[in-house]
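Observations on the model geometry
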Amino acid sequence: MPDPKTITLSVDGMSCASCVGRVDRGLSVLEGVGDVSVNLASETARLIVDRPNRVADVVAALSDLGYPARTSSVTLNVDAMSCASCVGRVDRALAAVPGVLDVNTNLAAETASVRFAEGAVSTADLVEASRAAGYPATAAEGAGRSHRKADEARALARRTALAAALALPVFLVEMGGHAIPAFHHWINATIGQQTSWLLQFALTTAVLAGPGRMFFTKGLPALMKGAPDMNSLVAVGTGAAYLYSVVATFLPDRLPDSVRAVYFEAAAVIVVLILVGRFLEARAKGRTGAAIQKLLGLQPRTARVLRDGDSVEVAVDDIVRGDIVVVRPGERIAVDGEVVDGTSRLDESMLTGEPVPAEKGAGDAVTGGTVNGAGSLTFRATRVGGDTTLSQIIRMVEEAQGAKLPIQGLVDRITLWFVPAVMGIAALTVLVWLVVGPSPALTLALVAGVSVLIIACPCAMGLATPTSIMVGTGRAADMGVLFRKGDALQQLDSVTVVALDKTGTATEGRPELTDLELGDGFDRADVLSKLAAVEDRSEHPIADAIVRAARAEGARHAEAGNFQSVTGHGVRATVDGAEVLVGAERMMTREGVDIAPLAARATAIAGRGRTALFAAIDGRLAAVIGVADPVKPASRAAISALHDKGLKVAMITGDRRETAEAIARETGIDHVIAGVLPDGKVAALDDLRGADGVVAFVGDGINDALALAHADVGIAIGTGTDVAIESADVVLMSGDLAGVVNAFAVSRATMRNIRQNLFWAFGYNIALIPVAAGVLYPAFGVLLSPVLAAGAMALSSVFVLTNALRLRRVAPAMAERSGQTAAAKAAPVAAPAE
């Protein structure tokens, strides 16, 4: 059975929170579809399908719901096809890509035309699928990444301008006559009231049939299905005002003289104001995706590749694994790869935040999107298309921006009944005015009912949460903080204690050998040679320190056999026929080695903040080893900043307590849990959770993967291992603890922004629906005009979007790679025993 796959579709036609709820419910009931998350701000639906052909069912369901998925087409030039069976294989390979809706492969033209769901698949995915089937392909006409929101804003601007031009004379004639009696008399004396109404009818009809047609074509079918949305409210409201005015104009005998009036200007101006709001929304939504656009801007479009001995320029989507890519001075690296020739310095600040360029030479890894310096490089492509580091970062940010936070559940539950409830309130309002309202009751009932319908459109509710998430996670990405899971954004705001791994997290993770105290009868050169032979087989940071020290002292090179690593304890191997053990005290205890002769020396070493390890040769204690791992320059300042935010900080380490407490004293850590194995970190997190509440864990190593997954929020140092990063909820692109502080700062700012938006969106409706219904009329004679209601409704959405965009100005709480504190400049401390 195929593995489930997450896809993201772009959805048309969603305008308010009720649309989101309808799409969510409609997709959730489909067979083989799960974990549906619909986002109004990004206009996407993210979901998991159990097999690729489910995507077609999802697209069909969206079309039936009235919210069609956007589709794109691309033509591929396909090589190596020679017969009809080749065509069939290409067809099947491309059709198997999740998101592909239709494939038409042409043998004569050697092309494949593919129609696919926008957002679910990229041209690079299609090229790779064809290549994997044995038919290399290139994009003849790429689907590209259009600036859709900018195009939508321009189209709305044209529609709004046309509507405004048509509505302006209606507004001036009708409202001008009310405001300036002399103008009203002049109109009656020249063209007459009936002619004026006929002109207003013609212009308003043009507004509703032209720029305003979208509200009726979308809103009325939704109403007929018993699932009204924002468009339904606008259609009913403007339609009621328009039809009443038509009756007053063409069937005057059907209405008493006291209530015979027209509201053409209300219908026309409402459409204009709502279109203005939609235009401003489209512009603001485009800015909410600025982070993604910035990341996309890091991707070069073309690169120079060696083909048949010649350097040719090809599209980046056409680069395949194994291609040799030539990079000239100042160019961006196109894809991830390994340098095969040349030396240069690369600006990798987009990944690490480190402003100092990194030296690169043969054998070094390079990352797509980074910038080459003055040198020239040739590298072999190792990861292309969606597999590159930059593509993975973009995918992480997109998924976080499309996430549905737990707080959104409240909005969803309310919007399930909100629009139908509003229509019920509007109907009740009309009824009450007709029964107990003063003369002219019918006119006042119409005004109040239309005002309720227009002012209660739940656009702001639907935008309140997703826009803040989009802008907040985008701003976090600018700071080098990637939220892999969107709900971590909310969860991080409730964290009360931050637990840190030690090695590579609080410390540099590059220890140095500081002490080698020998047991009786052992020679330093011989012991160091044997230790280096064993540790040369290990990937632990301590191992590297011992090997480097041995080389520096010119120790004899020896070979180790029968190497074995005992997780959390140490390593063992055979060197020159002798069994060598290197590890923590528990390793010696496990193997029955007496450490008493050097126990005092080990305690003294640990007391100075260094990691103490033991070595045994053929069952005899040979040495105690002291290794120091410098605390990272920003660790003390970052921990102080976390304290300022009211957070407790704990350190969980496999190292000796004396060493761990020395680091804690230097950095200001509150609580130390030392001497634990990797699975012990999970138990330690449970203890912290029981005592202090919600726990975040920060780590970078394979040993941290369990703890990262078990914590309420797992934060991986991005310079760590892929296993740790895959287990985490939040990834820091640099290895600096300042990123942890920034993650908390963005989380808190975003959640505060969401709460502000929700307060405004709900408070606005709660406060103004009664006003629109006429609750102030008996006491003050105030009845809200439908035109003012439309303006207020449009402004509420713009307010929410504008408030969310303020998150783009959130400043980093700490600068990455901050300067060292006095304590951090002190003697190095603490190496790992984890």
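Residues numbered from 1 in each chain as written. Predicted model: local features only at pLDDT ≥ 70, side-chain atom pairs only at ≥ 80, totals over all residues. Heavy atoms only, no water.

A word on the confidence of the model for the protein chain
With 89% of its residues at a pLDDT of 70 or more, the protein chain has an overall mean of 82. Low pLDDT (under 50) marks residues 141–146, which in the prediction has 10 contacts with non-local residues, meaning those over four places away or in another chain. (pLDDT = per-residue confidence, 0-100. Contact = heavy atoms within 4.5 Å.)

Some remarks on the environment of Gln194
For Gln194, the location among the structural elements is in helix H7 (residues 193–209). Residue classification places Gln194 among the partly exposed positions, given a relative accessible area of 34%. In this structure the C-alpha to C-alpha distance between Gln194 and Phe250, which are 56 residues apart in sequence, comes to 9.3 Å. Ignoring sequence-local partners within four residues, the contact set of Gln194 consists of Thr249 and Arg260. (Helix = DSSP H or I, 4+ residues; strand = E, 2+ residues; numbered from the N terminus. Buried < 20%, exposed > 50% of the residue type's maximum accessible area, 1.4 Å probe, protein only.)

Side note on the side chain of Asp729
In this structure, Asp729 sits in the loop between helix H27 (722–727) and strand E29 (730–732). The residues contacting Asp729, other than those within four sequence positions of it, are Leu482, Phe483, Arg484, Lys485, Ala488, Asp712, Val713 and Gly714.

Describing the UniProt feature "transmembrane region" (unreviewed entry) in the protein chain
When the UniProt feature table is mapped to this numbering, "transmembrane region" (unreviewed entry) covers residues 156–177, 197–216, 228–250, 262–280, 414–436, 442–465, 758–777 and 783–805. Note that residues 197–216 is 85% helix and 0% strand, and that its end C-alpha atoms are spaced 23 Å apart. Secondary structure content for residues 758–777 is 85% helix and 0% strand, while the C-alpha to C-alpha distance between its ends is 28 Å. (UniProt positions renumbered as here; feature names shortened; annotations may be inferred.)

Points about the packing of helix H15 (residues 441–455) against helix H28 (residues 738–773)
Relative to each other, H15 and H28 sit at 165°, their axes nearing to 8 Å. Put simply, H15 runs roughly antiparallel to H28. For the element pair H15 and H28, the recorded crossing hand is right-handed. Across the interface between the two elements, Ala448, Ser451, Val452 and Ile455 from H15 touch Tyr764, Asn765, Leu768, Ile769, Ala772 and Ala773 from H28. Broken down by class, the residue content of the contact of H15 with H28 amounts to eight nonpolar, two polar and no charged. (Axes fitted to C-alpha atoms, helices over the stretch in contact; angles between N-to-C directions. Parallel < 35°, antiparallel > 145°, perpendicular 65-115°, else oblique. Left-handed = near helix turned anticlockwise from the far one by under 90°. Nonpolar A, V, L, I, M, F, W, Y, C, P; charged D, E, K, R; others polar.)

Comments concerning the pairing of strand E18 (residues 497–501)
Looking along a regular strand, one sees the side chains alternate between the two faces of the sheet. With five of five residues buried, E18 lies mostly within the body of the structure. Alternating residues of E18 divide into Val497, Ala499 and Asp501 and Val498 and Leu500, and every residue in both groups is buried. When E18 meets strand E25 (residues 648–652), the two strands line up parallel, connected through five bridges. Among the inter-strand pairings, Leu500 is bridged to a residue of E25, identified as Met651. Bridging between E18 and strand E27 (residues 695–699) involves four bridges; their strand directions are parallel. Opposite Leu500, over in E27, you have Val698 as the bridge partner. (Pairing = 2+ DSSP bridges.)

A word on the packing of helix H19 (residues 524–535) against helix H20 (residues 541–552)
At a closest axis distance of 9 Å, the pairing of H19 and H20 adopts a crossing angle of 135°. Considered as vectors, H19 and H20 are oriented oblique to each other. You can see that H19 and H20 cross each other, and the crossing is left-handed. Contacts from Leu528, Leu531, Ala532 and Glu535 of H19 reach H20 at Ala543, Ile546, Val547, Ala549 and Ala550. Of the residues that constitute the contact of H19 with H20, the class distribution is eight nonpolar, no polar and one charged.

Here we look at unusual backbone geometry
The residue after Ser439, namely Pro440, is reached through a cis peptide bond having omega -5°. Position of Pro440 relative to the elements: it lies in the loop between helix H14 (406–436) and H15. Although it is not a glycine, Asp35 adopts a positive phi angle of roughly 50°. Topologically, Asp35 is positioned in strand E2 (residues 33–39). The exposure class assigned to Asp35 is exposed, which follows from its relative accessible area of 60%. Unusually for a residue other than glycine, Asn562 sits at a positive phi of about 55°. As for its position among the elements, Asn562 is in strand E20 (residues 560–566). With a relative accessible area of 66%, Asn562 lands in the exposed category.

A short note on the pattern of salt bridges
Taken as a whole and judged by the stated rule, the model has 27 salt bridges. Here Arg54 makes a salt bridge to Asp50, at a shortest N to O gap of 2.8 Å. Across this residue pair, the class does not change: Arg54 and Asp50 are buried. Shared partners join several salt bridges into a network, and the residues in it are Arg572, Glu579, Arg590 and Glu591. (Salt bridge = Lys/Arg side-chain N within 4 Å of Asp/Glu carboxyl O.)

Re the sheet that holds strand E24 (residues 620–628)
In any sheet, the strands associate via hydrogen bonds between backbone groups, in a parallel or an antiparallel arrangement. One open sheet holds the six strands; their spatial order is E19-E24-E23-E22-E21-E20, and the pairing between them is antiparallel. One side of each edge strand has no neighbouring strand; the edge strands of this open sheet are strand E19 (512–518) and E20. Pairwise comparison of adjacent strand axes, ignoring direction, gives a mean angle of 20° for this sheet. Of the pairings in the sheet, the one linking E19 to E24 comprises six bridges and is antiparallel in character. Note on E24: the bridge partner recorded for Glu512 is Ala628. Packed onto the sheet, H20 meets E19, strand E23 (611–617) and E24 and runs at close to 75° relative to E19.

What to know about the environment of Gly424
Within the fold, Gly424 resides in helix H14. Its relative accessible area of 39% is what places Gly424 among the partly exposed residues. Placed 29 residues apart in sequence, Gly424 and Leu453 show a C-alpha to C-alpha distance of 9.7 Å.

Regarding the sheet that holds strand E14 (residues 365–366)
With antiparallel pairing, six strands are arranged side by side in an open sheet as E9-E8-E10-E16-E11-E14. Edge positions in the sheet fall to strand E9 (310–315) and E14, since each of these pairs with one other strand and no more. Here strand E8 (residues 302–307) runs beside E9; their pairing, made up of six bridges, is antiparallel. In the strand pairing of E9, Thr302 is matched with Ala315.

Some points on the packing of aromatic side chains
Under the counting rule described, the total for this entry stands at seven aromatic pairs. Seen from their ring centres, Trp433 and Tyr777 are 5.2 Å apart, and the 75° between their planes marks the pair as edge-to-face. You can see Trp433 sitting in helix H14 and its partner Tyr777 sitting in helix H29 (residues 777–780), a full 344 residues away along the chain. Trp433 sits in the buried class, given a relative accessible area of 8%. Residue classification places Tyr777 among the partly exposed positions, given a relative accessible area of 25%. Following the ring pairs from residue to residue traces out a cluster consisting of Phe201, Tyr242, Phe250 and Phe264. (Phe/Tyr/Trp six-rings, centres within 6.5 Å; stacked < 30°, edge-to-face > 60°.)

Some details on helix H1 (residues 17–28)
For H1, built from 12 residues, the straight-helix expectation of 16 Å at 1.5 Å per residue is met to within 8% by its first-to-last C-alpha distance of 16 Å. Of all 12 residues making up H1, 10 are buried, and the element is well covered by its neighbours. Here H1 has its buried residues at Ala17, Ser18, Cys19, Val20, Gly21, Arg22, Val23, Asp24, Gly26 and Leu27. (Expected span 1.5 Å × (residues − 1).)

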